[in-house]
Amino acid sequence: MYSVMAAPLLRILNQSSCVVDDAKESSEGKTFGCSIAMSLIGSYKHLMINGDTTKTAAELKATQYNDHALFIDELGTQQNEEVLKALVYMIANEQGRGRANKDLTLRKTSTWKTIALTTGEAPITSHSSFTGQQVRVIEIKCGLPSGLGKEVDAGYKVIESNYGFIAPLFYQKMIENRTLLHTMFDESKALFSNVTTNTGKRLSNTFACINVAGIIFEEIFNDYNIILFSRV
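We now turn to the structure provided with this report. (Residues numbered from 1 in each chain as written. Predicted model: local features only at pLDDT ≥ 70, side-chain atom pairs only at ≥ 80, totals over all residues. Heavy atoms only, no water.)

### Some words on unusual backbone geometry
With a phi close to 55 degrees, Asn-14 is a non-glycine residue in the positive phi region. Here Asn-14 lies in the loop between α1 (2-6) and β1 (18-23). Even without being glycine, Glu-74 reaches a positive phi, approximately 60 degrees. (Helix = DSSP H or I, 4+ residues; strand = E, 2+ residues; numbered from the N terminus.)

Following this line, the structure appears as structure tokens:
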């Protein structure tokens, strides 16, 4: 959820696009979890891209949803290594392929800012040639306990008819806190001051941006007296 809401902050905080990859075996709730997160900004059915997508289709979606999150389901399962690597590089590098018009003049290259949620049965960085992706991909594992089939079905029914309500509230909070966003980012970045590797330093900026989104996001729930997480 934090990652989805962090996408519109990337441009404001001058941060790079990235991929948040939720990888685990089938039937462990990864698609459901990402669908709930995407329902914060709209209908997950319309925002979801199937993992067998082409680079051209993914480029079009990234351009259309500029400054918003993407959701590519089963990306790490349905693509071969070379296509997968190319897709991740393209999304994170924020630029599509250069193309020419019929008169041999260059078309305007598509650009975007996004955080892409991806799922698969194995981490997309598990391939031997994916060393360069380490600074572009955040790996998470958010499985659900077994035996929740009925609850998941009920959850899907809820988000199929209730979606997109958080986005306008989040944008309003962004406007209200516009003079504080960079301070919030710097304070969040300080949480990772002990990071020493180059990869870690680059990822710490992404985590700091996501943390800022989380702060704003939870303020919205506090405003409506909604307890998002219970702590034991």
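Next, the rest of the story.
### Topic: the pattern of salt bridges
A full pass over the atoms with the stated rule returns seven salt bridges. Its salt-bridge partner being Arg-11, residue Asp-67 comes within 3.0 Å of it at the nearest N-O pair. Linking Asp-67 in the loop between α4 (55-64) and β3 (70-73) with Arg-11 in the loop between α1 and β1, this pair joins segments that are 56 residues apart in sequence. On the basis of relative accessibility, which here comes to 44%, the residue Arg-11 falls in the partly exposed class. Bridged by salt links that share partners, the residues Lys-173, Glu-219 and Asp-223 form one connected network. (Salt bridge = Lys/Arg side-chain N within 4 Å of Asp/Glu carboxyl O. Buried < 20%, exposed > 50% of the residue type's maximum accessible area, 1.4 Å probe, protein only.)

### Notes on helix α7 (residues 149-161)
Here α7 is 13 residues long and its end C-alpha atoms lie 19 Å apart, about the 18 Å a rise of 1.5 Å per residue gives. Val-152, Gly-155, Tyr-156 and Ile-159 are the residues of α7 that are buried. The buried residues of α7 all sit within an arc of 100 degrees when viewed along its axis, so they share a single face. Facing away from the buried side of α7, by more than 90 degrees, are the exposed residues Lys-150, Lys-157 and Ser-161. (Expected span 1.5 Å × (residues − 1). Arc of directions from axis to C-beta.)

### Points about the environment of Cys-209
Turning to its location among the elements, Cys-209 is positioned in helix α10 (residues 198-223). Setting aside residues up to four positions removed in sequence, Cys-209 forms contacts with Ala-6, Leu-9, Leu-10, Leu-13, Gln-15 and Phe-185. (Contact = heavy atoms within 4.5 Å.)

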